[in-house]
Amino acid sequence: MSDATPSAAISCRDVTKEFGSGGALVKALRGVDLDVYRGEITLLVGPSGCGKTTLLSVIAGIMRPTSGSVHVLGSDLGTLRGQQLVRFRGQNIGFVFQQFNLLPALTAAENVTVPLILAGCSRRKAMAQAEALLGRMGMGERCRHLPSTLSGGQQQRVAIARALIHDPSLLVCDEPTSALDAHTGHSIMELLRSVALESGRAVVVVTHDSRVYDFGDRIARMEDGRVTGVDERGAVIDGRSTAQEPARL
Amino acid sequence: MTWIAWKMLTGNRGKYLGIILGIAFASLLIAQQSSIFCGLMLLTTSQIKDLQGADIWVMDRNVQFIDDIKPLSENDLYRVRGVPGVQWAVRLYKGLSRARMENGNFQQIILLGLDDATLVGAPLEIVAGQLSDLRRPDAILMDESGYKQLWPDEPFRLPKTFEMNDRRAVLVGVCKARRTFQTFPIVYTRYSEATNFAPRERKVLSFVLAQAEPGSDLLEVCRRIQERTGLQAQTRDQFARTTIMYYMRKTGIPINFGITVLLGFAVGAAIAGQTFYLFTIENLKQFGALKAMGAGNLRLVGMILFQALVVGIIGYGLGVGAAAAFGVAVKDSPQLAFFMPWQVLAGTGVAVVVIAVLASLLSMHRVLVLEPAVVFQS
């Protein structure tokens, strides 16, 4: 990381998210303040049910918060409506899922082309780009393989290639290593780290795999719907004080 | 995105074939049953189409279809001849009679008595004997399938003698004729002979066949005949339609076939709908991932509609193809009637579109209400 103050790619202020109503009301997020910066990997960690995935969904613009504001890459997600938000996601955000969510009927390269196709790119051009990217990620020989014939690690590499093919400024990853063995998980995190550092994009990773904590530039700890603290490469900042000074965790 | 939709669809071969088979089954049943129905309806008009040579059929005002005989008087014939625009008019007897065969068996037959002088309405294709032989005493012609029905496995041997209504009848020829709804043998003879073969009645004239003067408007001539004689006059096509409409309205045939067609529609829709829905449910996470990655609802609905269109077209092709093959197979069957007009193809097509839309509606609903956050659920 450089010494210069990096710009915040994501800024969440007093974000709450509630599900249900009345007696069945569940408060998944209870006033989250969080900043995420470009060129860094930010890990969201915490026990199951603490709100990590909900926060990731809110940050990625696929779930609207009940209250609070979320600015992503300079856009206030609260002001984006319907198709605008869909377009924003398509242009700016790359997704990596726990279960990869590759389309089983498409080859590895075809899966990688999907975001480009969604953006209106021609199939031929998209395939060329996808094959080149998979080649750079050491998957060149597996381009024509169906996901069912790939190992978990290979599938996750394809998923990462798919998330990066349209050069998004933000990468959101949901438990990217939990379906993988330790060695493969390590190599996937290395890949993610190089991706984030090389291009200056922001990477948010939800995980409860403590083996990958070393890859995070910041580790936001969550508990009961709140960010209770952030580890910043050796330093621990109290959650309550960061809420008062959210611009720099 | 269509190629992604195509690959998703064909990637799951079991479900893909299941949906196609559901639609194919529905279109087969709809097209085949409708074609048999059309074939049956067509049979009701066989004799109207076979009796060529005259443009206009004149009959009692209350006649509802060709077998609904309400005899006319001889005066009616002369009155029709006197209507302006009528070039000529001749008698036609049509009725049922009973033949007694050499072995003592009885057989109902359809008896047609043609004008003695002109033989208007005589069969166009004679397969054994000659039409002119009809002028001989007691002479009759019989249709080919009637001959085969009465003398199975026997080559045409003429003349043959048997009794009709206790009178001697001599079979002098065999002709081609369309099959009729009742499937009785059809016997042609001269009007004067027919009145002898027929059971005794005061009036025996069933129809008057009239020809309009060249260049005149048939409908206008019909209108004039009705106005001046008080009888009912219809062109050949009108009378065929009237006959079909009678069977449609007054018999249970349309209801019975309609029920089968509806069942085919319902079963096909259920199979295709359920399989298509399951297919979508299986792919829900993939749709969710596409949604998260920036695919809008419109695009996803487009994908589903494309998939429905593909299975619809293939299923329709297979279904109507099989129905047509069935039609070719039973073409010469004396038992089965089959006629597949373009309206059946179009109707089946509409039914398949409805099935495909119904099948995809549930799927579309699931995808439309799908929260993209589902992709983050393990």
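Here we summarise the structure given alongside this text. Worth saying up front: this structure is predicted, and the values here are computed from it rather than measured.

## What about the interface of chain A and chain B?
And step 1. If you look at the interface, chain A gives 26 residues, while chain B gives 20 residues.
And step 2. Of all the secondary structure elements, the ones that give two or more residues to the side of chain A that touches chain B are helix H1 (52–59), helix H2 (82–92) and helix H3 (108–118) of chain A.
And step 3. Of all the elements, H2(A) adds the most residues to the side of chain A that touches chain B, at five residues.
And step 4. Classifying every residue of the side of chain A that touches chain B gives 14 nonpolar, seven polar and five charged.

## Focus: the environment of Gly225(A)
All names here are of chain A.
And step 1. The topology assignment puts Gly 225 in the loop between strand E9 (218–223) and strand E10 (226–232).
And step 2. C-alpha of Gly 225 to C-alpha of Arg 30: the two residues are 195 residues apart in sequence and 5.1 Å apart in space.
And step 3. Filtering out sequence-adjacent residues up to four positions away, Gly 225 remains in contact with Lys 27, Ala 28, Leu 29, Arg 30, Cys 50 and Gly 51.

## Describing the sheet that holds strand E1 (residues 8–19) of chain A
Residues and elements named next belong to chain A.
And step 1. Across the sheet, which stays open at both edges, the four strands sit in the order E2-E1-E4-E5 with antiparallel pairing between neighbours. Lying at the two open borders of the sheet, with one neighbouring strand each, are strand E2 (26–37) and strand E5 (75–76).
And step 2. Summarising the sheet, E1 and E2 pair through nine bridges and their orientation is antiparallel. When the bridges of E2 are listed, Ser 11 appears paired with Asp 35.
And step 3. Lying over the sheet, H1 contacts E1, E2 and strand E4 (67–72), oriented at roughly 120 degrees with respect to E1.

## Some remarks on H3(A)
And step 1. In terms of burial, H3(A) is largely enclosed, as ten of its eleven residues are buried.
And step 2. Within the span of H3(A), buried status applies to Ala108(A), Ala109(A), Glu110(A), Asn111(A), Val112(A), Thr113(A), Val114(A), Pro115(A), Ile117(A) and Leu118(A).
And step 3. Elements that come into contact with the buried residues of H3(A) comprise H2, helix H4 (123–136) and helix H5 (152–164) of chain A together with helix H1 (2–11) of chain B.
And step 4. Phi turns positive, to about 100 degrees, at Gly120(A), one or two residues after H3(A).

## Digging into the nonpolar core
And step 1. Among the nonpolar cores identified, the biggest contains 124 residues, and Ile59(A), Val172(A), Val204(A), Ile23(B) and Ile355(B) are the most heavily contacted of them.
And step 2. Residue contributions to this core peak at 14 residues, all from helix H2 (residues 13–43) of chain B.
And step 3. With residues near it in sequence (within four places) discarded, Val204(A) still touches Val36(A), Thr42(A), Leu44(A), Leu56(A), Ile59(A), Val172(A) and Cys173(A).
And step 4. Counting 58 residues, the second-largest nonpolar core is a separate cluster that includes Met59(B), Ile66(B), Leu77(B) and Val86(B).

## So, the pairing of E1(A)
All names here are of chain A.
And step 1. Connecting E1 to the antiparallel partner E2 that follows it, the hairpin turn spans six residues, and Gly 20 within it adopts a positive phi of roughly 75 degrees.
And step 2. Where E1 lies against E4, five bridges are found, and the strand directions are antiparallel. By the bridge assignment for E4, Thr 16 is matched with Ser 67.

## What to know about unusual backbone geometry
And step 1. With omega at -5 degrees, the peptide bond leading from Leu158(B) into Pro159(B) counts as cis.
And step 2. Although it is not a glycine, Asp167(A) sits at a positive phi angle of roughly 55 degrees.
And step 3. In this structure, Asp167(A) sits in the loop between H5 and strand E7 (170–174).
And step 4. The phi dihedral of Glu175(A) falls on the positive side, at around 45 degrees, and the residue is not glycine.

## Here we look at the pairing of strand E7 (residues 167–175) of chain B
All names here are of chain B.
And step 1. Across three bridges, the pairing between strand E4 (residues 126–129) and E7 is antiparallel. Bridge assignment links Ile 126 to a residue of E7, and that residue is Cys 175.
And step 2. Relative to E7, strand E5 (residues 139–143) runs parallel, the two sharing five bridges. Considered in E7, the bridge of Ala 139 is made with Val 170.
And step 3. Where strand E6 (residues 160–164) folds back onto E7 in an antiparallel hairpin, the turn is made up of two residues, including Asn 165, whose phi is positive at roughly 50 degrees.

## Side note on the packing of H1(B) against helix H11 (residues 297–329) of chain B
All names here are of chain B.
And step 1. Between H1 and H11, the least distance of the axes is 9 Å, while the angle of their chain directions is 55 degrees. Comparing their axes, H11 and H1 come out oblique. H1 and H11 meet at a crossing whose hand is right-handed. Taken together, the residues of H11 that come into contact with H1 (itself represented by Thr 2, Ile 4, Ala 5, Trp 6 and Leu 9) are Met 303, Phe 306, Gln 307 and Val 310.
And step 2. For the contact of H1 with H11, a count of residues per class yields seven nonpolar, two polar and no charged.

The rules behind the values
- Counting starts from 1 at the beginning of each chain's written sequence and moves along it residue by residue.
- Written order decides the labels, with chains lettered from A and ligands numbered from 1.
- Restriction of local features to residues with pLDDT of at least 70 applies here, the model being predicted, together with a cutoff of 80 or more for giving and counting side-chain atom pairs; totals for whole chains, interfaces and linings are based on all residues.
- The contact criterion used is a C-beta to C-beta distance within 7 Å, with each C-beta placed from the backbone.
- Runs of H or I in DSSP of at least four residues are treated as helices and runs of E of at least two as strands, each being numbered from the N terminus.
- Note on residue classes: Ala, Val, Leu, Ile, Met, Phe, Trp, Tyr, Cys and Pro are nonpolar, Asp, Glu, Lys and Arg are charged, and everything else, Gly too, is polar.
- Any two strands with at least two DSSP-identified bridges between them are counted as paired.
- All axes here are fitted lines through C-alpha atoms, helices being fitted over the stretch that makes contact, and every angle between N-to-C directions spans 0 to 180 degrees.
- Whether a residue is buried, exposed or partly exposed follows from its count of other C-beta atoms within 10 Å of its own C-beta, namely 20 or more, 12 or fewer, or something in between, respectively; the C-beta atoms are built from the backbone.
- Each nonpolar core reported here comprises buried Ala, Val, Leu, Ile, Met, Phe, Trp, Tyr and Cys residues connected via C-beta atoms within 7 Å.
- Here the angle decides the label: under 35 degrees means roughly parallel, over 145 means roughly antiparallel, 65 to 115 means roughly perpendicular, and every other value means oblique.
- Each helix crossing is assigned a hand: it is left-handed if the near helix lies turned anticlockwise from the far helix by less than a right angle, otherwise right-handed if that turn is clockwise.

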